[in-house]
Amino acid sequence: MVQTCDTLADFSYDAAGDVGRDAAGLPARVSVFADSPRARRQMIDDLEGAGLLSVDGGVIGDLLDGPITRLGDVVLIEVSARPQGGLDGRELAALSRLDMRIARSGAQLIVSTAMDALDDVFAVLDQSRAQILVQPSRAERIVAVGRVMANVSNSRVREMSEEDRLNLLHLSQQVEAIAHKLEGLSEHRAARLSAAPSGAERQPASAVSSASGANAPTPLFNSGRPALPDPKLVRQMIAGRQARARFFDAELFADPAWDMLLDLTAAHAENARVSVTSLCIAAGVPATTALRWLKQMVDSGIFERVADDADRRRAFIELSKASADAMARYFEMVDTPLAKAA
């Protein structure tokens with residue numbers, strides 16, 4: 001079922017009155033935006049098959065021009081990179097505007113994109129705590145929608161009865177079951193990007209920023225920390241960990257948090273900045289999984305998100321001061337080659 005609404009004010013979100021309920025009395029409306037009509041139709045068909053009300057929001061540019069009249073509890077967007085890579089200024093402005101509104105509304109934002117556009121998308125979505133999916137299958141996309149439906153933080157969800165909450169949980173489980181069926185219908189996905197990061201993804205930094213101010217993580221040590229090890233040694237350690245995949249299933253040793261920590265430690269010692277795309281590759285797991293870990297590391301203060309002063313469309317990831325201290329202490333304690341390779 002496709003449902004539209006034409007009475008909202010300019011880019012407003014009325015959590016109490018603008019969205020109808022489904023037959024079970026549950027908030028279940030998803031707004032869909034994509035430049036490709038075929039992509040929008042496919043997403044709407046999948047949502048409808050999962051029992052969710054959906055709205056065809058149109059192309060991404062509609063988020064910038066004039067009033068926005070089609071927002072829901074969840075906003076689902078597919079962002080595709082241009083042939084030359086990345087996004088144009090108009091698309092970035094539209095996403096930024098939506099990001100700001102979603103952050104204020106309590107709705108949930110899910111953005112599906114490709115590796116070519118990941119850095120641009122990550123940089124511009126800095127307020128709404130958006131969930132970013134990288135080249136997801138149809139099933140993965142529907143699973144993401146089903147999971148966030150239980151977390152919609154508007155007044156209608158807070159006022160739901162216990163019975164309605166159980167119904168919502170059941171709906172989420174149904175969505176996931178349908179998603180597994182969709183998986184069999186999905187086209188074979190392109191091989192995941194495995195090439196080494198380009199020079200543009202790692203940029204020398206004249207100074208590496210550190211945590212400061214009232215919101216900075218509490219330093220782990222009061223005394224001065226030892227120097228970080230030679231980055232070549234850290235790179236050798238990373239290479240040794242990656243070599244295991246030649247002999248064993250890579251998933252057996254998957255440890256994205258530690259792999260990202262090692263990569264950022266080497267970059268910190270090299271006085272280089274690391275892009276989101278580069279860090280996802282270093283994590284050694286699917287990009288969407290790497291992004292979930294990255295978000296947790298940023299939220300916990302282990303990593304820091306740092307804007308590029310020269311290009312506001314880009315953002316880099318760095319170790320926090322506390323994490324740099326901890327990694328220096330770790331390498332000071334682990335002082336044998338055998339232990340370092342463990």
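Residues numbered from 1 in each chain as written. Predicted model: local features only at pLDDT ≥ 70, side-chain atom pairs only at ≥ 80, totals over all residues. Heavy atoms only, no water.

A.B. asks: Which parts of the structure should I look at to understand the overall build of the protein chain?
C.D. replies: The secondary structure content of the protein chain amounts to twelve helices and nine strands. Counting over 342 residues, the protein chain shows a buried share of 48%. A separation threshold of at least 6 residues defines the contact pool for the protein chain, and within that pool the share at least 24 residues apart is 74%. (Helix = DSSP H or I, 4+ residues; strand = E, 2+ residues; numbered from the N terminus. Buried < 20%, exposed > 50% of the residue type's maximum accessible area, 1.4 Å probe, protein only. Contact = heavy atoms within 4.5 Å.)

A.B. asks: Help me out: how do you make sense of the packing of aromatic side chains in this one?
C.D. replies: Inspection of every chain in the model, using the stated rule, returns three aromatic pairs. Look at F248 and F253: their rings are 5.9 Å apart centre to centre, the planes differ by 80°, and that puts the pair in the edge-to-face class. Here W258 and Y330 contribute two aromatic rings whose centre-to-centre distance is 5.2 Å and whose plane-to-plane angle is 80°, an arrangement assigned as edge-to-face. Of this pair, W258 sits in helix α8 (residues 256–269) while Y330 sits in helix α11 (residues 321–333), and the two are 72 residues apart along the sequence. Judged by relative accessible area, which is 23%, Y330 ranks as partly exposed. (Phe/Tyr/Trp six-rings, centres within 6.5 Å; stacked < 30°, edge-to-face > 60°.)

A.B. asks: Just to check I follow, could you spell out the pairing of strand β4 (residues 108–113) for this structure?
C.D. replies: Side-chain positions along a regular strand alternate between the two faces of the sheet. Among the six residues in β4, six count as buried, and that is most of the element. Alternating positions in β4 separate into two faces, Q108, I110 and S112 on one and L109, V111 and T113 on the other, with burial throughout. Since strand β3 (residues 74–78) and β4 lie parallel, the crossover through helix α2 (residues 89–105) that links them has a hand, and here it is right-handed. Pairing of β4 with strand β5 (residues 131–134) involves four bridges; the strand directions are parallel. Looking at β5, one finds that S112 is bridged to L133. Since β4 and β5 lie parallel, the crossover through helix α3 (residues 115–124) that links them has a hand, and here it is right-handed. (Right-handed = clockwise from strand over helix to strand, strands pointing away. Pairing = 2+ DSSP bridges.)

A.B. asks: In this structure, what is going on with the environment of W293? I would like to understand it.
C.D. replies: For W293, the position within the fold is in helix α10 (residues 287–299). Each C-alpha atom, one on W293 and one on M260, is 9.3 Å from the other, the two residues being 33 residues apart in sequence. Residue contacts for W293: discarding those within four places in its chain leaves P256, A257 and M260.

A.B. asks: Please explain the confidence of the model for the protein chain as it appears in this structure.
C.D. replies: Detailed reading of the predicted coordinates is not advisable wherever pLDDT falls low. Chain-level pLDDT for the protein chain is 74 on average; 65% of the residues reach the 70-or-more range. Taken element by element, the predicted model of the protein chain shows its lowest mean pLDDT in helix α5 (residues 155–158) (44) and its highest in β5 (94). Across residues 187–200, where pLDDT falls below 50, the model places 17 contacts with residues more than four positions away in sequence or in other chains. (pLDDT = per-residue confidence, 0-100.)

A.B. asks: What exactly am I supposed to notice about the environment of T113 here?
C.D. replies: Counting through the fold element by element, T113 comes out in strand β4. Between the alpha carbons of T113 and T288 there is a distance of 10.0 Å; along the sequence they are 175 residues apart. Non-local contacts of T113, meaning those with residues more than four positions away in its chain, are made with V79, L118, V121, I132, L133, V134, Q135 and P136. A polar side-chain atom of T113 sits 3.1 Å from the main-chain carbonyl oxygen of V79. (Polar contact = N/O pair within 3.5 Å; in protein donor to acceptor, adjacent residues only side chain to side chain.)

A.B. asks: In this structure, what is going on with empty space enclosed by the protein? I would like to understand it.
C.D. replies: Any space left empty among the atoms is revealed by the rolling of a water-sized probe across them. Per the stated rule, a full pass over the model turns up one cavity of 30 Å³ or more. If you trace the largest cavity, you find ten residues lining it, with L264, H268, A272, E318 and L319 closest to the centre. The set of elements that each furnish at least two residues to the lining of the largest cavity consists of α8, β7 (272–275) and β9 (315–319). The class makeup of the residues in the lining of the largest cavity is seven nonpolar, one polar and two charged. (1 Å grid on protein atoms, 1.4 Å probe; cavity = no way out; pocket = protein on both sides within 12 Å on 5 of 7 lines; lining within 4 Å. Points joined across faces, edges and corners; volume = space filled by probe spheres on them. Nonpolar A, V, L, I, M, F, W, Y, C, P; charged D, E, K, R; others polar.)

A.B. asks: Would you explain the side chain of D259 in this entry?
C.D. replies: By secondary structure assignment, the location of D259 is in helix α8. For D259, a relative accessible area of 15% corresponds to the buried category. Beyond its immediate stretch of four places on either side in the chain, D259 contacts R241, A282 and A283.

A.B. asks: I keep staring at the nonpolar core and nothing clicks. Help me out?
C.D. replies: Of all hydrophobic cores here, the largest spans 58 residues; its most connected members are I77, L109, L291 and F303. Counting residues per element, this core draws most heavily on α8, which supplies eight residues. Discounting residues that sit within four places of it in the chain, F303 has contacts with M260, L261, L264, L279, L294, M297, V298, I317, E318, L319 and S320. Within the second largest apolar cluster, 18 residues are counted, among which are V30, V32, A50 and M149. (Core = buried A, V, L, I, M, F, W, Y, C linked by side-chain atoms within 4.5 Å.)

A.B. asks: In this structure, what is going on with the packing of α8 against α10? I would like to understand it.
C.D. replies: In a packed pair of helices, the relevant descriptors are the angle between the two axes and the axis-to-axis distance. Following both chains from N to C, one finds α8 and α10 inclined at 70°, their axes separated by 10 Å at the closest point. Considering the angle they form, α8 stands roughly perpendicular to α10. The two elements α8 and α10 meet at a crossing, and its hand is right-handed. Listed contacts from α10 to P256, A257, M260 and L261 of α8 are A290, W293, L294 and M297. Of the residues in the contact of α8 with α10, the class split is eight nonpolar, no polar and no charged. (Axes fitted to C-alpha atoms, helices over the stretch in contact; angles between N-to-C directions. Parallel < 35°, antiparallel > 145°, perpendicular 65-115°, else oblique. Left-handed = near helix turned anticlockwise from the far one by under 90°.)

A.B. asks: I would appreciate a short explanation of helix α7 (residues 231–243) in the present structure.
C.D. replies: Residues spaced three or four apart along an α-helix point in a common direction, a consequence of the helix completing one turn every 3.6 residues. Helix length check: α7 (13 residues) gives 18 Å between terminal C-alpha atoms against 18 Å at 1.5 Å per residue, within 8%. Two to three positions downstream of the cap, the backbone nitrogen of K232 sits 2.9 Å from a side-chain oxygen, assigning the N-cap of α7 to D230. (Expected span 1.5 Å × (residues − 1).)

A.B. asks: Help me out: how do you make sense of a nonpolar patch on the surface in this one?
C.D. replies: There is a patch of nonpolar side chains on the surface, built from F247, F248, L252 and F253 and spanning about 460 Å² of accessible area. The residue F247 is located in the loop between α7 and α8 in this model. (Patch = residues over 30% accessible without salt bridge, like charges linked within 9 Å, V, L, I, M, F, W, Y side chains within 5 Å. Areas by Shrake-Rupley, 256 points an atom, 1.4 Å probe, with all protein chains shown as cover. Salt bridge = Lys/Arg side-chain N within 4 Å of Asp/Glu carboxyl O.)

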